[in-house]
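# Residue-level structure breakdown
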Amino acid sequence: MIRIRLLLPVALVGAVLLAGCSSGGPTADPAADAAAGTTAAPLSVVASTNVWASVAQAVGGDAVSVTSVLDDPNTDPHSFEASPRVKLAMSKAALVIVNGGGYDDWAVSTVESLDPVPTVIDATSSSGLDSSVEGFNEHVFYDLTAVAAVADAIAGELGTADPAQAGTFTANAATFTASLRGLEDELRALGARYPDTKVVATEPVPGYLIQTLGFTDVTPPSFSAAVEAQSEVSVKDLADTEGLLTSGTATLLFDNVQTGGPVTDRLVAAAESAGVGVVGVSEMIPAGVPDYLTWMRGNLAGVATALGAQA
């Protein structure tokens, strides 16, 4: 859930390259191209956010042209409305990737409105997570195991679209998921060095990250519910949450840097005043960060730095 300070125009980044048919050039059939010794045009992939676009790029490599619809952290993925340009890109894509789980319903409904409906990967469904569970956290891109499952699903669909490259896609996914497993091991090892760590989160965005670390999120449920519903946080809930930081009960504060406002500012100020480490997290890969793995390694480093401040 995002509360926006400022909405900026959203541009489609990258280009959707479509395989065209021409005499002596690539055809729309990758297998036929391979047999003829020609080079197929990159498969077009459209992802709802730059997070899934980065995962698709890692798996597809040079054989894909990836478009991210949302890459501006000031844009609310819950309320975004697809433009005709977005709809056209999705309609011509070999593969569309959505987050699902209630996170980017605009993307799900847009794809479903197309005729014919393109091949779609719903990250939440592909991850095996049950979105029907009460209080489900739709920010599945912080669950490294879920991301690995999505990467494998992407490799499978791209391999179906371009059989000649199927082995490459599978190998790329294996390399990517191996890196994810290594990163997950590092997170668990870091968490093990700080057992019984209690944390507060301004929003449930990093919930899966907190679980992987083995930390306990002690944020009052009523506070989280108010934030998630974009309703006003009560004076009591704010005071209770702030008290967890000032009393030393919680030794970390996870702050969604894509949002802001008096409530968030007050919690960050309270944490800093009490010497509690603050870890900034986001819902999209920030500008200047090249890819998903670099982003997640940055989150790991942020937690390590914040914990080190407690020593």
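So, a few notes on the structure that sits alongside this text. Just so it is clear, the model here is predicted, and its values are computed rather than measured.

### Focus: the pattern of salt bridges
Scanning all chains against the criterion turns up 3 salt bridges. Glu184 is the partner of Arg188 in a salt bridge, and the nearest nitrogen-oxygen pair spans 3.1 Å. Of this pair, Arg188 and Glu184 both sit in helix α7 (residues 166-193), 4 residues apart, roughly one helical turn. Owing to a relative accessible area of 44%, Arg188 belongs among the partly exposed residues under this scheme. Its salt-bridge partner being Glu242, residue Arg266 comes within 2.7 Å of it at the nearest N-O pair. Placement of Arg266 in helix α11 (residues 262-274) and of Glu242 in helix α10 (residues 235-246) is noted, with a sequence separation of 24 residues between them.

### A closer look at unusual backbone geometry
Geometrically, the link from Asp115 to Pro116 is a cis peptide bond, its omega value of 0° lying close to zero. Residue position: Pro116 is located in the loop between α4 (105-113) and β4 (120-122). Not every positive phi belongs to a glycine, and Asp196 is a case in point at roughly 65°. As for its position among the elements, Asp196 is in the loop between α7 and β5 (198-201).

### Overview of the pairing of strand β8 (residues 277-281)
Side-chain alternation along β8 places Gly277, Val279 and Val281 on a buried face and Val278 and Gly280 on a face that remains uncovered. The sheet contact formed by strand β7 (residues 252-256) and β8 spans 5 bridges and is parallel. Following the sheet pairing, Leu252 is matched in β8 by Gly277.

Analysis parameters
Residues numbered from 1 in each chain as written. Predicted model: local features only at pLDDT ≥ 70, side-chain atom pairs only at ≥ 80, totals over all residues. Heavy atoms only, no water. Salt bridge = Lys/Arg side-chain N within 4 Å of Asp/Glu carboxyl O. Helix = DSSP H or I, 4+ residues; strand = E, 2+ residues; numbered from the N terminus. Buried < 20%, exposed > 50% of the residue type's maximum accessible area, 1.4 Å probe, protein only. Pairing = 2+ DSSP bridges.

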